[in-house]
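Here are the chains, one letter per residue:
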Amino acid sequence: MRRATVDDTETLVELMAEFYAESGYVLDRRHAAAAFSALLADPRLGLVWIIEQRPAVAGYVVVTFVFGMEYGGPMAVVDDFFVRPAFRNAGLGTAALAQVRESCVAAGARAMSVEVAADNPAAQAVYRHGGFVMTDRRLMAAPLAAPSHEV
């Protein structure tokens, strides 16, 4: 796994399109490219990695940072995490999450969170293996702008 750079934007958008397609979403590629450009330009906002199984690109991980009062400091949010189907069940996701965790600790994050679909037990298992636990809280959202995808 390696840190992504702005030169990886096209690859990241392609990976994101594949990831979103699995949920039936059509990605607005320009919107996604602009979001990656902004994120990659300012590491205070978050970090992006490319998962590789050389010579192939196997997936990507996006972590964004927020300040959490509960933990009294920065928190890392696993915003996107995708491993291409051909590379799943080989330990790449688990290894990637371990590296993400180390990087987040090094960046001063005091906790990590992730949003995972209730009907995605495979993803839940990967996150549990990475040290995440279910909470009794519900995720709620109030969209203030259009998302990067269409349903």
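Here the structure is a predicted model, which is why all the values come from computation and not from measurement.

Of regular secondary structure, the protein chain possesses four helices and seven strands. Its helices and strands taken in sequence order, the protein chain reads β-α-β-α-β-β-β-α-β-α-β from the N to the C terminus. Expected size for 151 residues packed as a compact globule is a radius of gyration near 15 Å; at 15 Å, the protein chain falls within 12% of this value. With the C-alpha coordinates of the protein chain rotated into their principal frame, the extents come out at 35 × 35 × 30 Å. Counting the 151 residues in the protein chain, one finds 32% classified as buried. The contacts of the protein chain with a sequence gap of at least 6 include a subset with a gap of at least 24, amounting to 58%. As displayed, the protein chain offers around 9,600 Å² of accessible surface, 55% of which is attributable to carbon and sulfur atoms.

The next point concerns the sheet that holds strand 4 (residues 56-68). Spatially, 1-3-4-5-6 is the arrangement adopted by the five strands of the open sheet, whose pairing is mixed. The sheet is open, and its two edges are formed by strand 1 (2-3) and strand 6 (111-114), each paired on a single side. Sheet topology places strand 4 next to strand 5 (residues 73-83); 10 bridges connect them, and they run antiparallel. Across the sheet, the residue bridging to Val63 is Val78, located in strand 5.

What follows covers the packing of aromatic side chains. This structure, assessed with the given rule, holds eight aromatic pairs. Judged by centre distance (5.7 Å) and plane angle (70°), the ring pair of Phe19 and Tyr20 falls under edge-to-face. Look at Tyr127 and Phe132: their rings are 5.4 Å apart centre to centre, the planes differ by 75°, and that puts the pair in the edge-to-face class. What links up through ring pairs into an aromatic cluster is the set Phe19, Tyr20, Tyr25, Phe36, Tyr60 and Phe82.

Two elements in contact, helix 3 (residues 92-106) and helix 4 (residues 121-129), have axes separated by 9 Å at closest approach and are oriented at 45°. For the element pair helix 3 / helix 4, the angle class is oblique. The hand of the helix 3/helix 4 crossing is right-handed. Together, Gly93, Thr94 and Leu97 of helix 3 and Val126, Tyr127 and His129 of helix 4 make up the contact between the two elements. Taken together, the residues of the contact of helix 3 with helix 4 sort by class into three nonpolar, three polar and no charged.

About the cut-offs
- Residues numbered from 1 in each chain as written.
- Predicted model: local features only at pLDDT ≥ 70, side-chain atom pairs only at ≥ 80, totals over all residues.
- Heavy atoms only, no water.
- Helix = DSSP H or I, 4+ residues; strand = E, 2+ residues; numbered from the N terminus.
- Rg over C-alpha atoms; globule rule 2.2 N^0.38 Å.
- Buried < 20%, exposed > 50% of the residue type's maximum accessible area, 1.4 Å probe, protein only.
- Contact = heavy atoms within 4.5 Å.
- Areas by Shrake-Rupley, 256 points an atom, 1.4 Å probe, with all protein chains shown as cover.
- Pairing = 2+ DSSP bridges.
- Phe/Tyr/Trp six-rings, centres within 6.5 Å; stacked < 30°, edge-to-face > 60°.
- Axes fitted to C-alpha atoms, helices over the stretch in contact; angles between N-to-C directions.
- Parallel < 35°, antiparallel > 145°, perpendicular 65-115°, else oblique.
- Left-handed = near helix turned anticlockwise from the far one by under 90°.
- Nonpolar A, V, L, I, M, F, W, Y, C, P; charged D, E, K, R; others polar.

Distances and angles like these do not, on their own, reveal function.
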